[in-house]
Amino acid sequence: LFLSFSYSSPALPIGAHPLDEKYYDAELIKCKDGSKLFPRDRLNDDFCDCADGSDEPGTSACPYGKFYCRNVGSVPKFVFSSRVNDRICDCCDGSDEYDGSAICPNICVMGGNAASYQITSHEKDEDFVDDKADDSPSNLGGSISIVILLQGGLIITVLIFLVFRRRRRQRKTGR
């Protein structure tokens, strides 16, 4: 039996760190770099108002913005906001691809951070920001990487099987 708990709040915008809940709760918000004020309705509106990107934690509008991956069941991390909705799953929980243009299953509980880097990441992760230790596949033991790849392959195989099974059933029932 697996239980899932979510620590999200309606006041917390997508891509924001949970510790910033009170910061984003105000109706008039000051950019974190102190440069200007912006109204709450301009938060995550896909237009960069703050040079530091603090008004766009959940979009790719700001060049210096950072998106917070909660990765419940694994290691939370930040990725550059340029990686948001780019059709590549950078967060193991898939939260960086919320617009639906990419299907990102939540693989956090299976060591998903390393699997997502290996299977779907950009060629080089030089601009990757992580608030924890480096957990890239090259720093993992070879056997752990193989296990993670096998788990990912198993998930994909099961999903393909279920799709074909559903199609076969639909053909039989004449739908």
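Cut-offs and rules
- Residues numbered from 1 in each chain as written.
- Predicted model: local features only at pLDDT ≥ 70, side-chain atom pairs only at ≥ 80, totals over all residues.
- Heavy atoms only, no water.
- Salt bridge = Lys/Arg side-chain N within 4 Å of Asp/Glu carboxyl O.
- Helix = DSSP H or I, 4+ residues; strand = E, 2+ residues; numbered from the N terminus.
- Buried < 20%, exposed > 50% of the residue type's maximum accessible area, 1.4 Å probe, protein only.
- Lys, Arg positive; Asp, Glu negative; His and termini not counted.
- Contact = heavy atoms within 4.5 Å.
- Core = buried A, V, L, I, M, F, W, Y, C linked by side-chain atoms within 4.5 Å.
- Disulfide = S-S within 2.5 Å.

Named according to an unreviewed UniProt entry, the protein chain is Glucosidase II beta subunit N-terminal domain-containing protein originating from Genlisea aurea.

### Description of the pattern of salt bridges
Counted by the stated rule, this structure contains three salt bridges. In this structure, K32 engages D20 in a salt bridge whose closest nitrogen and oxygen atoms are separated by 2.7 Å. Highlighted residues: K32 in the loop between β1 (28-30) and β2 (37-39) and D20 in the segment before α1 (21-25), separated in sequence by twelve residues. Look at K32 and you get partly exposed, because its relative accessible area is 43%.

### Things to note about the side chain of D55
Of note, D55 is situated in the loop between β2 and β3 (66-69). Buried within the structure, D55 lacks any salt-bridge partner; R42 is the closest side chain of opposite charge, at an N-O distance of 6.7 Å. Beyond its immediate stretch of four places on either side in the chain, D55 contacts F38, R42, L43, N44, F47, C48, D49, C50 and C62.

### Examining the nonpolar core
Counting residues in hydrophobic clusters, the biggest one holds eight residues: L12, A16, Y24, I29, C31, F38, L43 and C50. Grouped together as the second largest cluster of nonpolar side chains are five residues, C69, V79, V84 and C91 included.

### A word on the state of the cysteines
As enumerated under the stated definition, the model contains five disulfides in all. Paired through a disulfide, C89 and C104 show a sulfur-sulfur distance of 2.0 Å. Between C89 and C104 the sulfur-sulfur dihedral comes to about -85 degrees; the bridge is accordingly left-handed. Here the residue C89 occupies a position in the loop between β4 (77-80) and α2 (112-120), and C104 occupies one in the loop between β4 and α2, the gap between them amounting to 15 residues. Taking relative accessible area as the criterion, C89 reaches 13% and is therefore assigned buried.

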